[in-house]
Amino acid sequence: MRRPAVCLSACLALGLFSTLAFAQQAPAKATKVEKTFLIPAAEGYGVGDCLSSGSGGCGQVVADAWCESQGFASAGAFGIAAPEDYTGAIEAPVKPAEPPPIKISCQD
């Protein structure tokens with residue numbers, strides 16, 4: 001009769017010990033989420049105006065606001081998108097009538 005009680009107690013103690021040891025491990029780090037958006041410069045968001053005027057932190061403020069509206073913490077990078085960012089089908093692109101789009105990389 002004592003043997004089953006001792007085995008049961010030992011199993012419960014071992015389970016409790018392993019649970020406590022597992023709980024003290026450092027939690028896994030969350031992966032960094034980043035997403036890049038291409039916005040037409042003439043769309044009216046203001047990022048294109050801030051980049052072309054070169055006025056202080058205006059571009060950063062507008063880019064951060066854009067990222068926050070999309071559910072991200074802040075803008076990691078922004079600027080005028082390179083042609084390879086928005087087209088790759090044509091080797092020598094025809095000069096577009098509109099200004100190139102704005103590229104904003106948002107991050108958590």
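Residues numbered from 1 in each chain as written. Predicted model: local features only at pLDDT ≥ 70, side-chain atom pairs only at ≥ 80, totals over all residues. Heavy atoms only, no water.

Asker: Please clarify how the nonpolar core should be interpreted in this entry.
Answerer: Most often, soluble globular proteins have nonpolar side chains that are buried together. Phe 37, Ile 39, Val 47, Ala 63, Trp 66, Cys 67, Phe 72, Ala 75, Ile 102, Ile 104 and Cys 106 form the largest nonpolar core, which has 11 residues in total. Taken together, the elements giving at least two residues each to this core come down to β1 (34–39), α3 (58–69) and β3 (102–107). (Core = buried A, V, L, I, M, F, W, Y, C linked by side-chain atoms within 4.5 Å. Buried < 20%, exposed > 50% of the residue type's maximum accessible area, 1.4 Å probe, protein only. Helix = DSSP H or I, 4+ residues; strand = E, 2+ residues; numbered from the N terminus.)

Asker: Can you walk me through the pairing of β3 in this structure?
Answerer: Remember that side chains alternate between the two faces of the sheet whenever the strand is regular. Of all 6 residues that make up β3, 5 are buried, and the element is covered over most of its length. As paired strands, β1 and β3 are joined by 6 bridges and run antiparallel to one another. Looking across to β3, one finds that Lys 35 is bridged to Cys 106. The sheet contact formed by strand β2 (residues 74–80) and β3 spans 6 bridges and is antiparallel. Residue pairing in the sheet places Ile 80 in a bridge with Ile 102 of β3. (Pairing = 2+ DSSP bridges.)

Asker: Is there a simple way to think about the sheet that holds β2 in this case?
Answerer: The strands making up a sheet are joined through hydrogen bonds of the backbone, oriented either antiparallel or parallel. Taking strand neighbours across the sheet as the criterion, the 3 strands line up as β1-β3-β2 in an open arrangement whose pairing is antiparallel. Two strands close off the open sheet at either side, each with one partner strand: β1 and β2. Averaged over all adjacent pairs, the angle separating strand axes in this sheet is 20°, with direction ignored. Contacting β1, β2 and β3, α3 runs over the sheet at an angle of about 120° to β2. (Axes fitted to C-alpha atoms, helices over the stretch in contact; angles between N-to-C directions. Contact = heavy atoms within 4.5 Å.)

Asker: Would you take a moment to explain the state of the cysteines for this structure?
Answerer: Here, the word disulfide means a covalent bond between the sulfur atoms of two cysteines. Under the criterion given, the structure shown has 1 disulfide. What pairs with Cys 67 in a disulfide is Cys 106, and their sulfur atoms sit 2.0 Å apart. Judged by the torsion about the S-S bond (-80°), the Cys 67/Cys 106 disulfide is left-handed. Of the two residues, Cys 67 sits in helix α3 while Cys 106 sits in strand β3, which places them 39 residues apart along the sequence. (Disulfide = S-S within 2.5 Å.)

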